[in-house]
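Structural description and commentary
Spelled out from the first residue to the last, the chains are:
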Amino acid sequence: MIDLELTPDQNLLVDTVRDYMAKEFAPTIQDNDLNHFYDPNTFAKLSDLGLMGICFPEKYGGAGMDYVSLGLVSEELEYVDHSFRTIMSVHVGLCGCGLYIWGTEEQKQRLLRPLASGERFGAFGLTEPGAGSDVAAMQSTARRDGDSYILNGEKTWVSYADYADTFLLFAKTDPAAHHRGISAFVVHRDEAGPGFVTQPIKHKAGIHAGDTGSISLQDVRVPAANRLGEEGEGFVIAMSSLENGRYTVGAGACGTVRASLDYSVRYANQRQAFGQPIGRFQLVQQMIAKMYQRYEAGRLLYLKAGWLKNRGEPSNRAVSLAKWYCCDAAWDSASDAVEVHGAYGYSDEYPVFRYLRNAKAPVIYEGTREIHTMMQGEYALGYRTERPARKTLPAYRPDAEIALV
Ligand SMILES: Cc1cc2nc3c(=O)[nH]c(=O)nc-3n(C[C@H](O)[C@H](O)[C@H](O)COP(=O)(O)OP(=O)(O)OC[C@H]3O[C@@H](n4cnc5c(N)ncnc54)[C@H](O)[C@@H]3O)c2cc1C
């Protein structure tokens with residue numbers, strides 16, 4: 001049996017978020033992007049809507065909705081701008097889901113609840129100046145000292161490093177053990193002391209209405225009670241967190257495809273050339289038809305991944321495929337949208353060049369295009385197999401009341 005219809009709750013959610021984004025954020029986003037301005041009230045506004053704990057049970061401060069809903073909201077946020085969807089990806093997908101899957105009951109109450117309820121803004125620090133795709137090359141260290149760990153090192157390209165309060169960070173407790181020597185820690189900015197310093201990355205090519213920064217860690221003392229999982233489990237925790245972050249990135253990219261399509265259709269019907277709307281030219285139709293094709297295909301891919309998550313089934317392969325396909329689709333669609341707009345597309349008079357500036361980053365982060373291409377090749381060839389993870393998101397149980405307001 002297959003059912004592609006959204007539930008009434010999911011439809012209500014999409015309508016509510018779409019309407020809210022159109023009224024609250026769409027009118028100012030182009031200016032904010034051009035002025036490199038992140039509105040610091042953004043997180044609180046999204047949180048007031050119940051979105052910052054969307055897929056976590058109410059007992060952990062969340063809205064108790066399902067993982068398909070997480071994808072649908074990611075699409076709606078990115079339809080307006082990447083900077084909004086990025087908040088969902090780092091706060092819910094990477095940091096929150098990491099805690100939900102790997103936290104003890106005590107940690108979920110103490111560390112996940114403030115994230116899910118929006119009291120704290122979560123971020124995720126894995127990348128280092130010399131360690132991106134090659135996670136195990138990280139140099140940051142965590143040395144046990146009584147009831148604490150002392151963290152030293154540097155994280156970079158951390159989305160919302162300058163605004164988040166809670167960080168899921170990774171450092172080596174056993175540097176000689178390669179990826180098996182990495183451990184995961186939850187670090188609170190307000191408890192970390194003066195050795196915890198963040199600063200924005202300058203001259204970023206896009207996502208100007210959102211923040212990306214680096215974190216310097218100098219003898220930062222973290223309680224041992226904030227270590228997630230066992231010592232040496234950090235690599236596995238990072239990969240499982242990334243799987244959920246990637247899901248929101250892939251779903252979000254469909255928002256860029258749809259926004260590129262909507263703007264292109266509107267423009268192609270208005271702009272006249274050779275005595276008729278440019279939409280009458282078959283080569284313009286081809287660009288628009290491909291945007292629609294990419295949207296429909298990409299949406300099915302992320303919905304399938306969300307469906308697997310709802311069932312508690314392994315979804316790594318499906319998520320990787322959705323992330324890879326949808327991010328390429330967003331980049332190609334934004335590029336085509338610029339072309340449909342002609343010279344006006346090559347300016348900030350319309351939002352389509354912003355889409356293009358923004359769309360490159362998701363092709364690079366949360367697993368580059370090349371990494372996902374290799375993963376899919378390995379799955380197809382049987383070198384990599386999809387097997388149940390030791391710990392994963394629990395299957396969705398619709399037993400909690402919807403806490404969306
Ligand atoms: C806007 C933005 C936000 C980000 N936010 C975060 C965040 O919140 N937290 C975080 O931890 N990180 C974040 N990142 C970092 C991101 O995850 C890394 O940039 C990404 O993992 C790639 O690492 P790298 O940049 O070091 O590139 P590299 O790993 O050095 O890759 C460079 C090139 O080599 C290719 N390559 C590398 N290894 C292989 C291989 N084995 N086979 C084939 N090709 C290969 C890559 O595909 C790429 O084309 C962000 C990045 C950006 C741009």
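Residues numbered from 1 in each chain as written. Predicted model: local features only at pLDDT ≥ 70, side-chain atom pairs only at ≥ 80, totals over all residues.

**Re the domain arrangement of the protein chain**
- For the protein chain, the assigned domains read domain 1 (8-120), domain 2 (123-232) and domain 3 (235-381).
- Among the elements of the structure, β4 (166-172) and β5 (182-188) are those that each provide at least two residues to the side of domain 2 that touches domain 3.
- Among the residues forming the side of domain 2 that touches domain 3, the class breakdown is eleven nonpolar, four polar and one charged. (Domains from an automatic or database assignment. Helix = DSSP H or I, 4+ residues; strand = E, 2+ residues; numbered from the N terminus. Nonpolar A, V, L, I, M, F, W, Y, C, P; charged D, E, K, R; others polar.)

**Quick word on the site of the ligand**
- Near the ligand lie 21 residues; those nearest to it are T127, G132, S133, T368 and E370.
- Each of domain 2 (123-232) and domain 3 (235-381) gives at least three residues to the shell around the ligand. (Near = placed C-beta within 6 Å.)

**Structural notes on the pairing of strand β2 (residues 141-145)**
- Sheet topology places β2 next to strand β3 (residues 148-159); five bridges connect them, and they run antiparallel. Among the inter-strand pairings, D145 is bridged to a residue of β3, identified as S148.
- Connecting the antiparallel pair β2 and β3 is a turn made up of two residues, with G146 showing a positive phi of about 65°. (Pairing = 2+ DSSP bridges.)

**Quick look at the nonpolar core**
- Counting 121 residues, the largest nonpolar core has V73, A123, F185, C326, A330, A334 and V352 as its most contacted members.
- If sequence neighbours within four positions are ignored, A334 has contacts with T256, S260, V352, Y355, L356 and A359. (Core = buried A, V, L, I, M, F, W, Y, C linked by C-beta atoms within 7 Å. Buried ≥ 20, exposed ≤ 12 C-beta atoms within 10 Å, placed from the backbone. Contact = placed C-beta atoms within 7 Å.)

**Topic: the packing of helix α7 (residues 234-270) against helix α8 (residues 282-310)**
- Running from N to C, α7 and α8 point in directions that differ by 155°, and their axes come no closer than 9 Å. With respect to each other, α7 and α8 are oriented roughly antiparallel. Judged by the twist between their axes, the crossing of α7 over α8 is left-handed. Residue-level contacts link Y247, G250, A251, A253, C254, V257, R258, S260, L261, S264, V265 and A268 of α7 to V284, M287, I288, M291, Y292, R294, Y295, G298, R299, Y302, A305 and G306 of α8.
- A per-class count over the contact of α7 with α8 returns 16 nonpolar, five polar and three charged. (Axes fitted to C-alpha atoms, helices over the stretch in contact; angles between N-to-C directions. Parallel < 35°, antiparallel > 145°, perpendicular 65-115°, else oblique. Left-handed = near helix turned anticlockwise from the far one by under 90°.)

**Remarks on the environment of T256**
- Locating T256 in the fold gives a position in helix α7.
- You can call T256 buried: it has 31 C-beta atoms within 10 Å.
- Along the sequence, T256 and E78 sit 178 residues apart, while their C-alpha atoms lie 6.1 Å from each other.
- Not counting the four nearest positions on each side in its chain, T256 is found in contact with E78, A330, S333, A334, Y355 and A359.

**What to know about the pairing of strand β1 (residues 122-125)**
- Burial along β1 is two-sided: the residues G122 and F124 and A123 and G125 are all buried.
- Sheet analysis places β1 next to β4, joined by four bridges and oriented parallel. Looking across to β4, one finds that F124 is bridged to L168.

**Examining unusual backbone geometry**
- Even without a glycine there, the phi angle at H203 is positive, about 60°.
- Looking at the element boundaries, H203 is found in the loop between β6 (196-200) and β7 (212-223).
- A positive phi angle is found at D219, which is not glycine, with a value near 50°.
- In this structure, D219 sits in strand β7.

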